[in-house]
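Report on the structure
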Amino acid sequence: MQALIVEAANAVALWNGSVPDPNPGWARVRVRAAGICATDLAVVQGEFSSAFPMTPGHEWAGVVEAVGDPADARWVGQRVAGENDVGCLHCSACRTGQWRFCADYQQIGFGTYAGSYADYLVVPVYGLHALPDPVSFEQGALLEPLAVGMAVLRRAHLHVGDTLTIIGDGPVGLNTLIVARAAGARRVIVVGEQEARLACAEKLGALACDHRQGAIPTAVFRHHGRSQIVVEATGTAIGVQMALSVVAPEGRVVLAGYAHGRPVTIPADAVHLPNVQIVGAGNNPGWMGRTLACVADGVLASTQLVSHRYRLDQYAEALEQMRSRGNGLIKSLFTWEDF
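The following refers to the structure shown. (Residues numbered from 1 in each chain as written. Predicted model: local features only at pLDDT ≥ 70, side-chain atom pairs only at ≥ 80, totals over all residues. Heavy atoms only, no water.)

**Digging into the overall build of the chain**
When its secondary structure is counted, the chain shows 11 helices and 17 strands. Here the C-alpha atoms of the chain give a radius of gyration of 20 Å, agreeing with the 20 Å that 2.2 N^0.38 yields for 339 residues. Projected onto its principal axes, the C-alpha positions of the chain cover 60 × 45 × 40 Å. Out of the 339 residues belonging to the chain, those deemed buried represent 52%. The contacts in the chain between residues at least 6 apart in sequence include a share of 70% that link residues at least 24 apart. Separation between the mean location of the 25 positive side-chain charges and that of the 30 negative ones in the chain comes to 7 Å. (Helix = DSSP H or I, 4+ residues; strand = E, 2+ residues; numbered from the N terminus. Rg over C-alpha atoms; globule rule 2.2 N^0.38 Å. Buried < 20%, exposed > 50% of the residue type's maximum accessible area, 1.4 Å probe, protein only. Contact = heavy atoms within 4.5 Å. Lys, Arg positive; Asp, Glu negative; His and termini not counted. Charge placed at Lys NZ, Arg CZ, Asp CG, Glu CD.)

Below is the structure:
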């Protein structure tokens, strides 16, 4: 098999080795599609405390080829996507579905457990979801970021007819937009700076605004007044300040962007005086099953976000495009299918 190996920060190579055997409770999946995520790029660049060497990749779909326990034999041959949470399964966090707050929590593709930038992936059986026939491998690999959009809007308590501003035109912002439109958001603005992604937001039913042209609050107010909900999906100080400048009194700001340790100051009066609620939306496990059900029933779809496809041996080009966000990037995939 081939796998992408990160030996140290920014030291990436294609590795040839043996196909892994799954331990009891785990399954070996032949990967057919894997999403290329900006978080994976941060792992490659050493911005996470990951143990090297490691294989990134946490958005994936494929076919189960082997299991470590005969009791799980029913999974062999099934088309699947999966959740990436690895917990102890015994603590109160795991037993209530909050695996990411387990003291022993780890995640596929972030160090100890190799990720999906590989021909084969070994994952816990308990995280598998069978893909119905209408759901493609590509859509299966896109379930994880689409589930993020589901979880973000759950934290937002979006209701039919609400107005919404999304700050950030990356996959988190665009997947949140997809879910918001399906959930009945009345008017949505997406603020960003990438031409292809803003054009995509327009096609998905939002008003797109390039923040580099300034006057974002004015654009929001003209479109729908102050926003009842603002999703901040950049993790930047300017994004948080913008969110507080456009949210309505009694409104809600949802922090969905990862700040990578950067300090972000929140002015207390901007929250206190208008009774604004600020909520985090960084760790929300358990949404993939509901997301898959919505995709299978035609309520949600996110394959329209895919702008580029790469073979695994084109990893250098794929990662460089992610760094530069060039060449019309919206969302890219590694694929083992013909394209």
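**What about the pairing of strand 11 (residues 187-192)?**
Buried residues dominate strand 11, accounting for 5 of its 6 residues. Two strands pair when backbone bridges link them, and strand 11 and strand 12 (residues 207-210) are joined in this way by 4 bridges, in the parallel orientation. For glycine 192, the partnering residue across the bridge sits in strand 12 and is aspartate 210. Tracing the backbone out of strand 11, into helix 6 (residues 195-203) and back to the parallel element strand 12 gives a crossover that is right-handed. (Pairing = 2+ DSSP bridges. Right-handed = clockwise from strand over helix to strand, strands pointing away.)

**A closer look at the nonpolar core**
Core analysis: the biggest nonpolar cluster contains 49 residues, and Leu131, Leu177, Val231 and Leu300 have the highest contact counts within it. Where this core is concerned, the elements lending two or more residues are helix 3 (137-141), helix 4 (143-156), strand 10 (163-167), helix 5 (171-183), strand 11, helix 6, strand 13 (227-232) and helix 10 (288-296). With 8 residues, helix 4 is the single largest residue contributor to this core. Leaving out residues up to four positions away in the same chain, valine 231 has contacts with Val152, Leu153, Leu164, Thr165, Ile166, Ile167, Thr176, Val254 and Ala256. Formed by 34 residues, the second largest nonpolar core is a distinct cluster that contains Leu4, Val6, Met54 and Ile108. (Core = buried A, V, L, I, M, F, W, Y, C linked by side-chain atoms within 4.5 Å.)

**Points about the pattern of salt bridges**
What the rule picks out here adds up to 8 salt bridges. In this structure, arginine 100 engages aspartate 85 in a salt bridge whose closest nitrogen and oxygen atoms are separated by 2.8 Å. Placement of the pair is arginine 100 in the loop between helix 2 (92-95) and strand 7 (106-107) and aspartate 85 in strand 6 (residues 85-86), with a sequence separation of 15 residues. Of the charged contacts in the structure, one is a salt bridge between arginine 309 and glutamate 138, with a shortest N-O distance of 2.6 Å. Of the two residues, arginine 309 is situated in strand 16 (residues 306-310) and glutamate 138 in helix 3; the sequence distance between them amounts to 171 residues. (Salt bridge = Lys/Arg side-chain N within 4 Å of Asp/Glu carboxyl O.)

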